[in-house]
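Here are the chains, one letter per residue:
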Amino acid sequence: MKRTSIRSFGIGLFIAGAVLQLQHLTQEDEITSKRSITEEAYEKSQTELKNVKQQLAQLQMDLENAQKGQPVTDESKEEEKAKEEATQSDTSSGSTPYTLIVQAGMNSKEISTLLEEAGIVQNKQDFEDYLVSQDLAGRIQIGEYELDSSMTLKQIAEKLTGK
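Bear in mind the structure is a predicted one, so any value in this text is a computation, not a measurement.

Quick notes on the nonpolar core
Part 1 of the reasoning: If you look at the biggest cluster of nonpolar residues, it comprises 18 residues, and the most contacted ones within it are Leu115, Phe127, Leu147, Ile156 and Leu160.
Part 2 of the reasoning: Of all elements in the fold, only strand 1 (97–102), helix 3 (108–117), helix 4 (124–133), strand 2 (143–148) and helix 5 (153–161) reach the threshold of two or more residues within this core.
Part 3 of the reasoning: Ranked by residues supplied to this core, first place goes to helix 5 with four residues.
Part 4 of the reasoning: Those residues in contact with Phe127 that sit more than four places away from it in its chain are Ser112, Leu115, Val121, Leu153, Ile156, Ala157 and Leu160.

Here it is as structure tokens:
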């Protein structure tokens, strides 16, 4: 009788362990799937946010032109965009000089981060978005560039891409 109860106790422990292991595995799968949904939702929301920001900027330019009594043209839109970029790049303490060294293998995100850390651009994501929207992200050339914080995003991009 002792042998049977010990054997039954061992089998019970084995079954309990198996059940706990199965429960653990199913919980990990649920967590993983929730993470991927969250990451997908995050990426989608970032894309939507970017589109809404662009639309808002366009509407603001159209409103300003309408208040001035100017017709809305592509040229006036570009002028307003250049003014907006200049405002983003300006700092209250004047211009800050910086020498950027672009090495082989560096991507536009790394360069944007360096420029933000140096105070050349206010927001690295704005510069990255500008490069992507103008199809310049893959055209940055290796070299040494003298930049300063008074430059617009367009001027910086032109200097880095040789355009």
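Still more ground to cover, so stick around.
Let's talk about the packing of helix 4 against helix 5
Part 1 of the reasoning: Here helix 4 crosses helix 5 at 60°, and the two axes come no closer than 10 Å. Accordingly, the angle class assigned to the pair helix 4 and helix 5 is oblique. Helix 4 and helix 5 meet at a crossing whose hand is right-handed. Within the contact between the two elements, helix 4 uses Asp126, Phe127, Tyr130 and Leu131 and helix 5 uses Leu153, Lys154, Ile156, Ala157 and Leu160.

Section: the side chain of Thr161
Part 1 of the reasoning: Note that Thr161 resides in helix 5.
Part 2 of the reasoning: Beyond its immediate sequence surroundings of up to four residues, Thr161 is in contact with Leu136, Arg139, Ile140 and Gln141.

Focus on the packing of helix 3 against helix 4
Part 1 of the reasoning: Running from N to C, helix 3 and helix 4 cross one another at 140°; their axes reach a closest spacing of 8 Å. With respect to helix 4, the element helix 3 is oriented oblique. Our pair here, helix 3 against helix 4, has a crossing hand that is right-handed. Residue-level inspection shows Ser108, Lys109, Ser112, Thr113, Leu115 and Glu116 of helix 3 in contact with helix 4, the latter providing Lys124, Phe127, Glu128 and Leu131.

Rules behind the numbers
Residues numbered from 1 in each chain as written. Predicted model: local features only at pLDDT ≥ 70, side-chain atom pairs only at ≥ 80, totals over all residues. Heavy atoms only, no water. Core = buried A, V, L, I, M, F, W, Y, C linked by side-chain atoms within 4.5 Å. Buried < 20%, exposed > 50% of the residue type's maximum accessible area, 1.4 Å probe, protein only. Helix = DSSP H or I, 4+ residues; strand = E, 2+ residues; numbered from the N terminus. Contact = heavy atoms within 4.5 Å. Axes fitted to C-alpha atoms, helices over the stretch in contact; angles between N-to-C directions. Parallel < 35°, antiparallel > 145°, perpendicular 65-115°, else oblique. Left-handed = near helix turned anticlockwise from the far one by under 90°.

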